[in-house]
Amino acid sequence: MSEKNITTDSGISIKELYTASDVQQQDPSVAGQFPFTRGVQSSMYRGKLWTMRQYAGFSTAEESNKRYHYLLNQGVSGLSVAFDLPTQIGYNSDHPLADGEVGKVGVAIDSLEDMEKLFEGIELEKVSTSMTINATGFILLAFYVALAKRQGADLQKITGTIQNDILKEYAARGTYIYPPKPSMKIITDIFEWCSNELPKWNTISISGYHIREAGSTAVQEIAFTLSNGKAYVKAAIEKGLGINVFGKRLSFFFNAHNNLFEEVAKFRAARRMWAKMMKELGATDEKAMMLRFHTQTGGSTLTAQQPMNNISRVTVQTLAAVLGGTQSLHTNGFDEALSLPTEQAATIALRTQQIVAFESGAADTVDPLAGSYFVEQLTHEVETAAFKLIETIDAMGGSVAAIEEGFIQDEIARSAYQYQQQIESNSKIIVGLNKFTSNQEDKIPGFKIDESIQKMQVEKLKALKAKRNNEQASICLDALSKAAKENQNIMPFVIDAVECYCTLGEISDTLRKIYGEYK
């Protein structure tokens, strides 16, 4: 009888049995030391648990604020803000292209006034905030900084992250505004400004999450993400920034899928690879070589069929992230294939993390799967395959060139197609979708956004423009335009503009006139 060929989701062959002789690369390192395979802290979760985040944001700032207070009362230790599509692509709620999208997939933020409402009653010095925002990340950061200043907060103590990863927008997600070169310039402006003014802020969260959601494999996810990371580092070095300074404020954002051992191997391999890459790029401070990452459970793995099964999927993915050594984690609601998560679903998602943290024993020792013949060999194979892809991208001239040539997009599309074929041919089993199906309908109450939200946002914008000092707002926008033309760091000018209640759309449009739009 021929041996059955079983592979991981990345196509790595899995043997029937692993012994010591199978392990090609023994990694004798310990956690907290280069190359950080076993974790970035020496005691990992024994010293401090990962940050438990819940991703929330919908309709208006006022409504999202209520959810934030609810989540903080439930034991969340970090907030994670979702923004609606118009906010993500630099349009105010009254723009014709915003029609029908206001407040739908996240909260609508048009101005500093909305930011004030979003965080009402929340002290920014005491909470870590992650913002999933890219093309307009610099504007949302300016809103946050302006609000912190109003609260009298010490900017040296403010912690959080803006995603700010524009390369994966071109490759996988599509919410870009400006062409790659000015976009990269804005990102290095943020690195430079934050290293002086906001030292504890993570200036970028280099994101594999959306690359994976678009259909990549685990190997492609880390290869493309680390390659993008390399492009950001090189751009910052070219700007004259010190790798040992900005390198400490880079963070990553990965997906956790259902293939438990491949996911753990992926996280371990990514840490080891990034440490080697940063050393090669000139980092000498070990803290600048550490890959710190946030994880979100896999949205694309959730099924609308038998949605309660998603609780089990999220549990497996939570374990993968924790066993893989994540620094922060968001768990998806079981109903997210149907609608925005209800309060009940968000609570179960958070409780999943708390059960893994306090009941499972997974957090009791550092890197509990280290030394497993299977996991050590799989870590080595994932690393080898990912470095091979990075070498291909380097030969093209790096991530920006590979994206411009369509290489990364084509690779993701090919993997997504193959995965779908496997589901349709039943060679890949998805419980409740192509096997163990049921005709019984699950009546899950959806969470829908009221269409009146857009009208409310538009009225608020009108009122804001009527009461602000419009002459001062124009002066600020002119100064921003001049700074962009003269290639100055735009961050101080953006902060001045938001403090004068210039809107997100006005700031984006000012820069559209200078930088153009990416088509």
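Quick caveat: nothing in here was measured; it's all calculated off a predicted structure.

Draft legend 1. Molecular detail of the overall build of the chain. Scanning the chain for helices and strands turns up 19 helices and eleven strands. By the compact-globule yardstick of 24 Å for 519 residues, the chain fits well, its C-alpha radius of gyration being 23 Å. Viewed in the frame of its principal axes, the chain has a C-alpha envelope of about 80 × 60 × 45 Å. Taking the contacts inside the chain whose residues are at least 6 apart along the sequence as the reference set, 79% of them involve residues at least 24 apart. In the form shown here, the chain has an accessible surface area of approximately 21100 Å², with 51% of it arising from carbon and sulfur atoms. Charge separation in the chain, taken as the distance between the mean sites of 52 positive and 61 negative side-chain charges, equals 2 Å.

Draft legend 2. Quick look at the nonpolar core. Ranked by internal contacts, the top residues of the largest apolar core, which has 139 residues, are M115, F119, M131, F138 and I507. By residue number, the principal contributor to this core is helix α4 (residues 137-150), which donates eleven residues. Setting aside residues up to four positions removed in sequence, I507 forms contacts with F138, I139, Y178, L477, L480, V494, A497, V498 and C502.

Draft legend 3. Seen up close, the packing of helix α1 (residues 61-73) against helix α12 (residues 343-358). In the contact formed by α1 and α12, the axes pass within 11 Å of each other and the chain directions differ by 35 degrees. The way α1 lies across α12 gives a crossing that is right-handed. Across the interface between the two elements, R67, Y70 and L71 of α1 pack against E343, A346 and T347 of α12. Classifying every residue of the contact of α1 with α12 gives three nonpolar, one polar and two charged.

Draft legend 4. Expanded view of unusual backbone geometry. F34 connects to P35 through a cis peptide bond whose omega is 5 degrees. Positive phi, normally seen in glycine, also occurs at D367, with a value near 45 degrees. In this fold, D367 is placed in the loop between α12 and α13 (373-396). Taking relative accessible area as the criterion, D367 reaches 6% and is therefore assigned buried. The phi dihedral of F436 falls on the positive side, at around 55 degrees, and the residue is not glycine.

Draft legend 5. Spotlight on the pairing of strand β10 (residues 293-297). Among the five residues that make up β10, five are buried, leaving the element largely enclosed by the rest of the structure. Alignment of strand β9 (residues 250-256) against β10, held across five bridges, turns out to be parallel. Bridge assignment links A256 to a residue of β10, and that residue is T297. In the sheet, β10 pairs with strand β11 (residues 328-330) via three bridges, with the strands oriented parallel. When the sheet's bridge partners are listed, Q296 is paired in β11 with H330. Traced from β10 through helix α11 (residues 309-323) to β11, the parallel crossover comes out right-handed.

Draft legend 6. Highlighting a nonpolar patch on the surface. A cluster of nonpolar side chains, contributed by I429, V431 and F436, occupies part of the molecular surface with about 270 Å² of accessible area. Inspection of the secondary structure assignment puts I429 in the loop between α15 (407-424) and α16 (452-467). On the accessibility criterion, I429 (38% relative accessible area) is partly exposed.

Draft legend 7. Looking closely at the sheet that holds β11. Pairing is parallel across the open sheet formed by nine strands, whose spatial order is β7-β6-β5-β4-β3-β11-β10-β9-β8. What marks the edges here is a single partner per strand, and that holds for β7 (201-202) and β8 (204-207).

Draft legend 8. Quick peek at α4. The first and last C-alpha atoms of α4 sit 20 Å apart over 14 residues, in line with the 20 Å expected at 1.5 Å per residue. Judged by how many residues are buried, α4 sits mostly within the fold: twelve of 14 residues are covered. At the C-terminal side of α4, G152 shows a positive phi close to 80 degrees.

Draft legend 9. Fine view of the packing of aromatic side chains. Tallied over the entire structure, the rule returns 18 aromatic pairs. Judged by centre distance (4.7 Å) and plane angle (65 degrees), the ring pair of Y170 and Y518 falls under edge-to-face. On the criterion of sequence distance, the pair formed by Y170 in helix α5 (residues 167-173) and Y518 in the segment after α19 (504-515) is long-range, its members being 348 residues apart. Ring geometry for Y176 against Y518: centres 4.9 Å apart, planes inclined by 90 degrees, an arrangement best described as edge-to-face.

About the thresholds
Residue indices begin from 1 for each chain and proceed along its sequence in written order. With the structure being a predicted model, the display of local features is reserved for residues of pLDDT at least 70 and the display and counting of side-chain atom pairs for 80 or more, all residues being used for whole-chain, interface and lining totals. The side-chain values count all of the structure's non-hydrogen atoms but skip hydrogen atoms and water molecules. Put simply, DSSP H or I for four residues or longer makes a helix, DSSP E for two residues or longer makes a strand, and each gets a number counted from the N terminus. Computation of the radius of gyration draws on C-alpha atoms, with the globule rule given as 2.2 Å multiplied by the number of residues to the power 0.38. The contact rule is simple, with two residues in contact once any of their heavy atoms fall within 4.5 Å. Surface accessibility follows the Shrake-Rupley procedure with a 1.4 Å probe radius. Residue values consider only the protein chains on display as shielding. His is not counted here, nor are the chain ends, while Lys and Arg score as positive and Asp and Glu score as negative. By convention, the point assigned to a charge is CZ for Arg, NZ for Lys, CD for Glu and CG for Asp. Each nonpolar core is a collection of buried residues, namely Ala, Val, Leu, Ile, Met, Phe, Trp, Tyr and Cys, held together in the definition by side-chain atoms within 4.5 Å. Accessibility here uses a 1.4 Å probe with only protein chains present; expressed as a share of the type maximum, an area under 20% marks a residue as buried, one over 50% as exposed, and anything in between as partly exposed. Interaxial angle, 0 to 180 degrees, is taken between N-to-C directions of lines fitted to C-alpha atoms, where a helix line uses only the stretch in contact. Here a crossing is called left-handed whenever its near helix is offset anticlockwise from the far helix by less than a right angle, and right-handed whenever the offset is clockwise. Following the grouping adopted for this structure description, the nonpolar residues are Ala, Val, Leu, Ile, Met, Phe, Trp, Tyr, Cys and Pro, the charged ones are Asp, Glu, Lys and Arg, and the polar ones are all others, Gly among them. In this analysis, strands are considered paired if DSSP registers two or more bridges between them. For crossovers, right-handed means that the path from the first strand over the helix to the second runs clockwise, given strands pointing away from the viewer. Grouping into patches uses exposed residues only, defined as over 30% relative accessible area, and leaves out salt-bridged ones; the cut-off is 9 Å for like charges and 5 Å for nonpolar side chains (Val, Leu, Ile, Met, Phe, Trp, Tyr). Take a side-chain nitrogen of Lys or Arg and a carboxyl oxygen of Asp or Glu: if they are within 4 Å of each other, that pair is a salt bridge. The length a helix should cover is 1.5 Å for every residue beyond the first. Pairing of aromatic rings covers Phe, Tyr and the six-membered ring of Trp, with a centre-to-centre limit of 6.5 Å; geometry is then stacked below 30 degrees between planes, edge-to-face above 60, and tilted otherwise.

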